[in-house]
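Read off the chains here:
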Amino acid sequence: MKNNSSDSNDKKNSTVSLCLGILFIAVLLQLLSFIKGSSLVFPDILSILKTFFKLLLLPSTWLYILTTLKHLLTALLVSVLAAFPLGLLEGRFLKVQKFLAPLMTFLRSVPMIVLIVIIMVLVNYDFVPYITAALVLVPVISEAVCEGIKSIDPELIDVYRLNSSFTPQIFMSVYLPLISGYVKQAFTLAAGLGIRIIVTAEYFVQCRNSLGKAVYQSSYFNEFEEIYAWALIMVFLILLVNTIPALFLRSKK
């Protein structure tokens with residue numbers, strides 16, 4: 001009963017904090033509008049909300065969301081399939097970690113715009129959002145998996161080694177629950193970062209029926225209310241995607 005009560009209080013506190021954070025953003029926008037003295041660049045929060053709900057009523061908006069969400073989920077899936085084996089190898093073998101360190105550092109450090117431009121030259125524009133996001137997210141997830149593996153008590157690993165060799169089943173039933181906290185944190189970071197990368201890539205390559213294309217059109221016509229409304233939609237998308245790893249990891253317990 002105490003645990004349930006504690007979890008309930010934590011959820012309430014988290015909800016209150018989230019609402020206060022959203023309110024803070026609204027107050028900040030109003031303050032910037034007052035300082036700038038321009039309702040064009042910093043429209044009032046009511047105008048943004050009005051535009052936000054107006055966009056949600058348009059069928060094209062949901063097409064844009066589905067396109068960007070498809071890009072994000074595909075990039076996350078590719079990142080996970082590549083990053084989990086790499087992170088596992090890095091966590092278990094120091095030589096592998098040292099060997100991959102320069103590549104991972106490069107992928108984390110290279111400016112996003114530079115990476116997008118390079119990929120635009122190499123592949124068809126339709127694949128740019130997927131590849132760009134996947135390349136940036138692989139180091140984020142693999143590092144989390146690596147750190148999670150290193151944090152496991154060696155005595156636990158020795159016990160499982162006596163009973164069984166390392167197999168995918170052992171990884172899913174033993175390793176994954178032990179590193180679930182690291183994985184959840186990595187997914188939370190990857191979801192937010194992935195949205196920003198993909199929308200930026202969509203903006204550059206003018207990807208049809210995407211949020212990036214919608215933001216470009218709004219900026220071209222100086223529709224700042226729409227730009228902020230699109231940003232608000234992206235925030236809710238990130239919150240939605242962040243619930244996926246939490247539900248998955250909870251089902252594993």
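Residues numbered from 1 in each chain as written. Predicted model: local features only at pLDDT ≥ 70, side-chain atom pairs only at ≥ 80, totals over all residues. Heavy atoms only, no water.

> In this structure, what is going on with the packing of aromatic side chains? I would like to understand it.
Within the structure shown, the criterion is met by seven aromatic pairs. Seen from their ring centres, Tyr220 and Phe221 are 5.1 Å apart, and the 85° between their planes marks the pair as edge-to-face. No difference in accessibility class separates Tyr220 from Phe221, as the two residues are exposed. An aromatic cluster is built from Tyr203, Phe204, Tyr216, Tyr220 and Phe221, whose rings are joined through pairwise contacts. (Phe/Tyr/Trp six-rings, centres within 6.5 Å; stacked < 30°, edge-to-face > 60°. Buried < 20%, exposed > 50% of the residue type's maximum accessible area, 1.4 Å probe, protein only.)

> What exactly am I supposed to notice about the packing of helix α4 (residues 94-109) against helix α6 (residues 128-151) here?
Viewed as axis vectors pointing N to C, α4 and α6 meet at an angle of 140°, and their least axial separation amounts to 9 Å. By the angle class used here, α4 and α6 are oblique. Two packed elements cross with a definite hand, and for α4 against α6 that hand is left-handed. Contact residues: α4 offers Gln97, Met104, Leu107 and Arg108, while α6 offers Leu135, Val138, Pro139, Ser142, Glu143, Cys146 and Lys150. When grouped by side-chain class, the residues that make up the contact of α4 with α6 number six nonpolar, two polar and three charged. (Axes fitted to C-alpha atoms, helices over the stretch in contact; angles between N-to-C directions. Helix = DSSP H or I, 4+ residues; strand = E, 2+ residues; numbered from the N terminus. Parallel < 35°, antiparallel > 145°, perpendicular 65-115°, else oblique. Left-handed = near helix turned anticlockwise from the far one by under 90°. Contact = heavy atoms within 4.5 Å. Nonpolar A, V, L, I, M, F, W, Y, C, P; charged D, E, K, R; others polar.)

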